[in-house]
Amino acid sequence: METSIYSVIAFYGLAITILGNATLVIFARNIVHSVLFLAVTFIAMGGLFLLLDADFLAAVQVLVYAGAVCIMVVFGIMLIQRSDMKATNLFNRQTFAGAGLVALVVAMCAVFAGRTAWTDLVAAGEVPANTVQAIGELMLSKYVIPFEVAALLLLVALIGAIVIARDEEVKANAGN
Amino acid sequence: MPAISLTHYVVLSALLFSIGLFGVLTKRNAVAVLICIELMLNAVNINLVAFSKYITPADFVGQIFSIFVITVAAAEVGVGLAIIIAIYRNRLSVNLDDFDWLKW
């Protein structure tokens, strides 16, 4: 395993960026600011994937999440928020119940993570340097059916999103 | 300073998942809930890639699985936003407390 001091510093820097910005996503009162912090979280997570030797996934993370998903969410907000944006991202009345449930989940994760013998699981090998080629070959040989199903899912989601978001009046006029 | 191990990534992923879960349970805006679901899916991705590196380094199982997670997340955002826009058109609201059509 890599033991360089730079990877340790990079991990802690990225972890603090991710957790801090994720917290800001929750606590920002303006939802456009929330999406901005979300983009920073996604980009920092791309850096974390680089640290984990997953360079293809880092590129996909930045392209799909920081690029497409954030832009799409901002477009959605612009289509539905007509008045001012000042207090568009508030908490509901279940804040304390939600916090209690989340504390329970954290405690459960801590118990099970503490019980697991992680050192026995870790394999000795290294991730090959060329991940893109290996992923590409696996995608079109061993995982070709999930790959095709994912393509079909994207097509269904595309058509479904258009049908659901279509204006009712336009639909009625088209029927006449 | 000790080297970064699998446990560090698992802890980071658990904390990020908890932040996302808290947002899903306590936010009032439907779009904010969608954003928090994205945070939870990303926490899962960190877990998958970390396990892929430390436990099965030569197989890429975790990396391929997280590519599928990203695909499903993108589809989910598209359909979710379309549903929110359709509901906003009927109700003129994105407050989740107003959505009680399925209550009896």
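Residues numbered from 1 in each chain as written. Chains lettered and ligands numbered in written order. Predicted model: local features only at pLDDT ≥ 70, side-chain atom pairs only at ≥ 80, totals over all residues. Heavy atoms only, no water.

**A closer look at the overall build of chain A**
Counted only if it meets this: By the criteria applied, helices consist of DSSP H or I runs no shorter than four residues and strands consist of E runs no shorter than two, each listed in order from the N terminus. Remark: exposure states derive from per-residue accessible area (1.4 Å probe, protein chains only) relative to the maximum for the residue type, with buried under 20%, exposed over 50%, and partly exposed in between. Contacts are residue-level and defined by heavy atoms, with any inter-residue pair within 4.5 Å sufficient. In this description, accessible areas are obtained by the Shrake-Rupley approach with a 1.4 Å probe, and a residue is regarded as covered only by the protein chains that are shown.
Helices and strands together make up the secondary structure of chain A, namely eight helices and zero strands. Secondary structure elements in chain A, listed N-terminal to C-terminal, are α-α-α-α-α-α-α-α. By residue count, 33% of the 176 residues in chain A fall in the buried class. At a minimum sequence separation of 6, the contacts of chain A that also span at least 24 residues come to 65%. Entry remark: accessible area of chain A is about 10,500 Å², with carbon and sulfur atoms responsible for 72%.

**Concerning the overall build of chain B**
Definition in use: Note that the radius of gyration is over C-alpha atoms, with the globule rule given as 2.2 Å times the number of residues to the power 0.38. Working convention for charge: Lys and Arg count positive, Asp and Glu count negative, and His plus the chain ends are omitted. Taken as the charge location is NZ of Lys, CZ of Arg, CG of Asp or CD of Glu.
A count of helical and extended segments in chain B gives three helices and zero strands. When the helices and strands of chain B are listed from N to C terminus, the series reads α-α-α. The C-alpha radius of gyration computed for chain B amounts to 17 Å, which surpasses the reference 13 Å derived for 104 residues by more than 25%, pointing to a less compact arrangement than a globule. C-alpha atoms of chain B, sized along the principal axes, occupy 55 × 25 × 25 Å. A burial count over chain B gives 59% of its 104 residues as buried. Restricting the contact set of chain B to residue pairs at least 6 apart, pairs at least 24 apart contribute 59%. As displayed, chain B offers around 4,100 Å² of accessible surface, 71% of which is attributable to carbon and sulfur atoms. Positive and negative side-chain charges in chain B, numbering 6 and 6 respectively, have mean positions lying 6 Å apart.

**Re the nonpolar core**
Inside soluble globular proteins, nonpolar side chains tend to come together where they are buried. Note the threshold: Buried Ala, Val, Leu, Ile, Met, Phe, Trp, Tyr and Cys residues that are joined via side-chain atoms within 4.5 Å together make up what is termed a nonpolar core. As annotated, the domain borders come from an automatic or database domain assignment.
In this structure, A:Leu48, A:Val73, B:Tyr9 and B:Leu16 are the most contacted members of the largest nonpolar core, which totals 74 residues. Only helix H1 (5-27), helix H2 (31-51), helix H3 (55-80), helix H4 (95-115) and helix H6 (131-139) of chain A together with helix H1 (6-26), helix H2 (30-54) and helix H3 (61-91) of chain B provide two or more residues apiece to this core. For this core, the element with the most residues is H2(B), which contributes 13 residues. Viewed by domain, this core spans two of them, domain 1 (1-92) and domain 2 (130-176) of chain A, each represented by three or more residues. For A:Val73, the contacting residues outside a window of four places in its chain are A:Val35, B:Val31, B:Ile35, B:Val77 and B:Leu81.

**As for the interface of chain B and chain A**
Convention followed: Note: buried area is the sum, over both parts, of the accessible area (probe 1.4 Å) each one loses when the two are combined. Salt-bridge detection follows one rule: a side-chain nitrogen of Lys or Arg within 4 Å of a carboxyl oxygen of Asp or Glu.
If you look at the interface, chain B gives 68 residues, while chain A gives 84 residues. Between chain B and chain A lies a buried interface of about 6,900 Å² when both sides are counted; carbon and sulfur atoms form 79% of it. The three residues of chain B that bury the most area against chain A are B:Phe22, B:Lys27 and B:Lys53, which together make up 9% of that side's buried surface. Applying the counting rule to chain B against chain A returns one salt bridge.

**Concerning the side chain of B:Lys27**
Filter applied, for reference: What qualifies as a polar contact is a pair of N or O atoms within 3.5 Å, subject to a donor-acceptor requirement within protein and to the restriction that residues adjacent in sequence count only when both atoms come from side chains.
Looking at the secondary structure, you find B:Lys27 in the loop between H1 and H2. A polar contact is formed between the side chain of B:Lys27 and the backbone oxygen of A:Ile26, at a distance of 2.6 Å. If we ignore the near neighbours within four places in the chain, the residues touching B:Lys27 are A:Ile26, A:Ala28, A:Asn89, A:Leu90, A:Phe91, A:Asn92, B:Ala32, B:Val33, B:Cys36 and B:Leu96.

**Describing a nonpolar patch on the surface**
Going by this rule: Patches here: salt-bridge-free residues with over 30% relative accessible area, like charges joined within 9 Å, nonpolar side chains (Val, Leu, Ile, Met, Phe, Trp, Tyr) joined within 5 Å.
On the surface, a nonpolar cluster with roughly 670 Å² of combined accessible area is contributed by A:Leu152, A:Leu155, A:Val156, A:Leu158, A:Ile159, A:Ile162 and A:Val163. Residue placement: A:Ile159 occurs in helix H7 (residues 144-165).

**Thoughts on the environment of B:Thr7**
Its location among the elements puts B:Thr7 in helix H1. Measuring from C-alpha to C-alpha, the distance between B:Thr7 and B:Asn29 comes to 34 Å, with 22 residues separating the pair along the chain.

**Topic: the side chain of B:Ser13**
Residue and element names in this part refer to chain B. Summarising the element assignment, Ser-13 is placed in helix H1. Of note is the side chain of Ser-13, whose polar atom sits 3.5 Å from the side chain of Asn-47. Once residues lying within four places of it in the same chain are set aside, the contact partners of Ser-13 are Ala-43, Ile-46 and Asn-47.

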